[in-house]
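Observations on chain architecture
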Amino acid sequence: MTTLLELDSLEARYGPVQALRGVSLTVTEGEVVAVLGANGAGKTTTLRAISGTVQRSGHIDFAGQQLKGGPEAAARAGIAHVPEGRGTFVELTVLENLKLGAYVRRARTVKEDVRRVSEYFPWLVDRGGQRAGTLSGGEQQMLALARALMSRPRLLLLDEPSLGLAPMIVREFFRTVRRLNEEEGLTVLVVEQDARIALASSNRAYVLEVGRVALTGSSSELQGDESVRRSYLGY
Amino acid sequence: MLAASFADFMQQVVAGLASGGIFALLALALVIIHRSTGVINFAQGEMAMLSTYVAWALITHHGWRYWPAFVAALGFSFVFGVVTHRVVIRPVERGNLLRVVIVTIGLLIGINGFVIWQWSGEPRQIQSPFGSDIVNIGGVAISVQDIGTIAVALGMVVLLWLLFQFTKVGLALRAVAVNPEEARLVGVRVTWMLALGWGLAATLGAVAGLMTAPSVGLDPNLMQATLIYAFAAAVLGGIDSPLGAVVGGLLLGVGLNMLSYLSQYELFDWFTEELRLPTALLIILVVLLVRPSGLFGHAEVKRV
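What counts, and at which threshold
- Per chain, residues are indexed from 1 in the order of the written sequence.
- Whichever chain is written first is A, and whichever ligand is written first is 1; the rest continue in order.
- Given that this is a predicted model, residues contribute local features only at a pLDDT of at least 70 and side-chain atom pairs are listed and counted only at 80 or more, while totals for whole chains, interfaces and linings are drawn from all residues.
- For the purposes of this entry, the term helix denotes a DSSP run of H or I that reaches at least four residues, the term strand denotes a run of E that reaches at least two, and both are numbered from the N terminus.
- The globule rule used for comparison is 2.2 Å times the number of residues to the exponent 0.38, while the radius of gyration itself is calculated over C-alpha atoms.
- Here the C-beta atoms are placed from the backbone, and a residue counts as buried if at least 20 other C-beta atoms lie within 10 Å of its own, exposed if 12 or fewer do, and partly exposed otherwise.
- Residues are scored as being in contact if the C-beta atoms we place from backbone atoms lie within 7 Å.
- Note on residue categories: nonpolar means Ala, Val, Leu, Ile, Met, Phe, Trp, Tyr, Cys or Pro, charged means Asp, Glu, Lys or Arg, and polar means any other residue, Gly included.
- Here, strands pair whenever DSSP counts at least two bridges between them.
- Note on geometry: axes are lines fitted to C-alpha atoms, helical ones only across the stretch in contact, with angles between N-to-C directions running from 0 to 180 degrees.
- The labels follow the angle: roughly parallel below 35 degrees, roughly antiparallel above 145, roughly perpendicular from 65 to 115, and oblique for the rest.
- Handedness of each helix crossing follows the sense of rotation of the near helix against the far helix: counterclockwise by less than a right angle gives left-handed, clockwise gives right-handed.

Things to note about the overall build of chain B
A tally of helices and strands in chain B yields eleven helices and two strands. A compact globule built from 304 residues should have a C-alpha radius of gyration of about 19 Å, and chain B, at 20 Å, falls within 12% of that. Taking the principal axes of the C-alpha coordinates as reference, chain B spans close to 65 × 50 × 35 Å. When each of the 304 residues of chain B is scored for burial, the buried share is 46%. Of all intrachain contacts in chain B linking residues separated by at least 6 positions in sequence, the fraction that spans at least 24 positions is 74%.

Topic: the interface of chain A and chain B
At the interface, 19 residues of chain A touch 14 residues of chain B. The set of elements that each furnish at least two residues to the side of chain A that touches chain B consists of α2 (71-77) and α3 (94-101) of chain A. Broken down by class, the residue content of the side of chain A that touches chain B amounts to nine nonpolar, five polar and five charged.

Topic: the sheet that holds strand β9 (residues 204-209) of chain A
Residues and elements named next belong to chain A. Sheet architecture is open: six strands sit in the order β6-β7-β8-β3-β9-β10, paired in mixed fashion. Edge positions in the open sheet fall to β6 (79-82) and β10 (212-218), since each of these has one partner strand only. Neighbour-to-neighbour, the strand axes of the sheet open up by a mean angle of 15 degrees, direction not taken into account. Packed on one face of the sheet, helix α1 (residues 43-51) meets β3 (32-37), β6, β7 (155-159), β8 (187-191) and β9 and runs near 145 degrees to β7.

Topic: the packing of helix α9 (residues 224-237) of chain B against helix α10 (residues 242-262) of chain B
Residue and element names in this part refer to chain B. Packing of α9 against α10 leaves a shortest axis separation of 7 Å and a crossing angle of 120 degrees. Judged on the interaxial angle alone, α10 and α9 are oblique. When the axes of α9 and α10 are compared, the crossing they make is right-handed. Judged by residue contacts, Tyr229, Ala232, Ala233, Ala234, Leu236 and Gly237 of α9 engage Gly244, Ala245, Val247, Gly248, Gly249, Leu251 and Leu252 from α10. Of the residues assigned to the contact of α9 with α10, the class counts are nine nonpolar, four polar and no charged.

Remarks on the environment of Lys111 of chain A
One can find Lys111 of chain A in helix α4 (residues 110-118). Separated by 19 residues in sequence, Lys111 of chain A and Gln130 of chain A have C-alpha atoms that sit 17 Å apart.

Let's talk about the pairing of β10 of chain A
Residue and element names in this part refer to chain A. Relative to β10, β9 runs antiparallel, the two sharing six bridges. In the sheet register, Val207 faces β10, and the bridge partner there is Leu215. Linking β9 to β10, which pair antiparallel, is a turn of two residues; within it Val210 sits at a positive phi near 35 degrees.

With respect to α3 of chain A
Note: α-helices contain 3.6 residues per turn, so residues at a spacing of three or four share the same orientation. Within α3 of chain A, seven of the eight residues are buried, which leaves it mostly tucked inside the rest of the structure. Where α3 of chain A is concerned, the buried positions are Val94, Glu96, Asn97, Leu98, Lys99, Leu100 and Gly101 of chain A. Those residues of α3 of chain A hidden inside the fold are in contact with α4 and α5 (137-150) of chain A together with α6 (168-178) of chain B.

Things to note about the sheet that holds strand β2 (residues 17-28) of chain A
All names here are of chain A. Strand order across the open sheet formed by four strands is β2-β1-β4-β5, with antiparallel pairing between neighbours. Among the strands making up the open sheet, the edge pair consists of β2 and β5 (65-66). Pairing geometry for strand β1 (residues 3-14) and strand β4 (residues 55-62), over seven bridges, is antiparallel. Looking across to β4, one finds that Leu5 is bridged to Phe62. The strands touched by α1 are β1, β2 and β4; relative to β2, the strand with the most contacts, the crossing angle is about 75 degrees.

Notes on the packing of helix α3 (residues 66-93) of chain B against helix α4 (residues 97-119) of chain B
Residue and element names in this part refer to chain B. Where α3 contacts α4, the two axes come as close as 8 Å, and the packing angle between them is 150 degrees. Two packed elements cross with a definite hand, and for α3 against α4 that hand is right-handed. For the pair formed by α3 and α4, the contact residues are Thr84, Val88, Ile89, Val92 and Glu93 on the first element and Arg99, Val100, Val103 and Leu107 on the second. Grouping the constituent residues of the contact of α3 with α4 by class yields six nonpolar, one polar and two charged.

Read these as layout, nothing more, since geometry by itself doesn't imply function.
Dropping the structure here:
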C-alpha cells in the first residue's frame, strides 16, 4: 500500500484569519478517509488547501511529487474536487457537465467514459440534454460526483456531500462512493458534518479542532471513542 | 403608389438588417466580455476602429486587396484583444469592477489618441468589398453592400455559435462565464479563457468596423455611434444573452429604419436622422427601467 497524499504541517489563511494551523494527514491508495469536526474546524479549508483554492503554506505530497500551483494544476495531477453545495454548472446541460469533468483528458475517450460513469448513475443517460439546474438537489450532488469521475481521478475530494439532502439520498450517495471504492479502487478523502455516516463509510478518520488534527484512528475505533461519540455522534 | 411604397418599405427593412447586423456583432462583443469579465468594455468600439485602420493601412500603403486585409485585421484584433486582457485588464480584474471600467475608458482614450497620432484624424476611404451595385429583387432595390454585410454578420454569428456549442474550448468558455471557480476545479485555465474571450470579442468588433467603414468613411470616431447602438441592442436583448444581442441588434437596426420610413408620413414627420442616436439611448433607459434583464436575459438571482 503506497501513500497517495501526504499533508505535512499544512497551514492556510483567509486574509488575516488563519484557518489551518498545521494539519498533517496521509491518505493511502485505495482508502476512504473521513475528516470530521465542528463548524469552523478547518474541514473545508483542508480540501481547499489541497486543491489550491486557498492561500496555503506547508508541504503537500501527491503521488510522490510535491503539489504546487492552483486548482488547474491539482486537476491535472489527478485530483477531483467536489465542492460544498453541489458543484455543478447549473446553466449547462448534464452532458456538458460530464464533458467538463473530462476537461483535462483527451477528448477521444469521453464517450466511453460517459458510458462507464452511467453504469453508476443510470438515470443520467436519459437526461443528458437537461439543464443541471433543473435537477433535484440529490441528483445534482450525484451529477457532481459523476462529473468528478469523468476525470478518472486518482483522488476524490468530497466536501460535505450530505449538506441539505434527505437522509435516504445521503445513504445512497455514500453507498455509491463505497461501491466506487470497492469496484474501482477509488481513493476518497471526504469532509463531513454527519459523523455517523462518514465513519460508517470510511476506513480511517481524522477529527479536526480549530485548525489542527485532534484525533485520528480507524473509523471503527473512533465510532467507539467516548469523546467522539459525545461530540460528534451525539449519544 | 402602394407598390412603390411597399418596395420602399422592404428596402428599409433590408438596410435595417444590414446596419442591425453590425450592431449585433458589436453587441455580441460587449456581451461576451460582460459575461466573462462582468463589465462593459467601453473601448470595444475604439478597438474595432483601430483594427479597421490596420486593414486600411494594409490596403492603402501596402497594396493589399480587401479580403486579405480583412483577414489580417481580424488576426490583429484577436491578438490585440488577448494582449489587452493579459496586460491591462487582468492586473485590475480582482476586486472592484469599477477599476476595470475605468481602465476600459482609459483604453478608449488611448486608442483614439494613438490612431490620430499615427494616421491623423482626416477621413479616409475604404472601398466596399461588395461594390456599389444595386440589384432589383421583386421590384425592391437592394444594395449588394447590404446583402454582403448581412451575410458576413450572419456568418460570424454562426461561426461563433458553432465554436461555443460544439467545441471543447467553447464549452470551457461557457463554463468560465457561468462559474469560474468551478471551472478552475475541473482544470480549465480560467485566465487564458478570459483572454480568449477578449480576443474573440475584439475580432467580432473588427468585423463590425470593417463592415461599417466602406459606407460611412473611416475616421477615428468611426464606431462611437455604433457602440451606443450596440449597447442599446445588448441591453434590449439582455446583457448576458448572446442570442439577445443578435436579436436586439437586428430589431434595433430595422426599428430605426422603420422610424425613418414612417417619417414620410405626417404623423411621424418629426423623426429626423438626428433622433436615431437619442432613440437608442431612450431604449437603453426604458429597458433598464421596465425589464432590466432584457428580452432574453435571465433575471439575476442571488443566492443567500
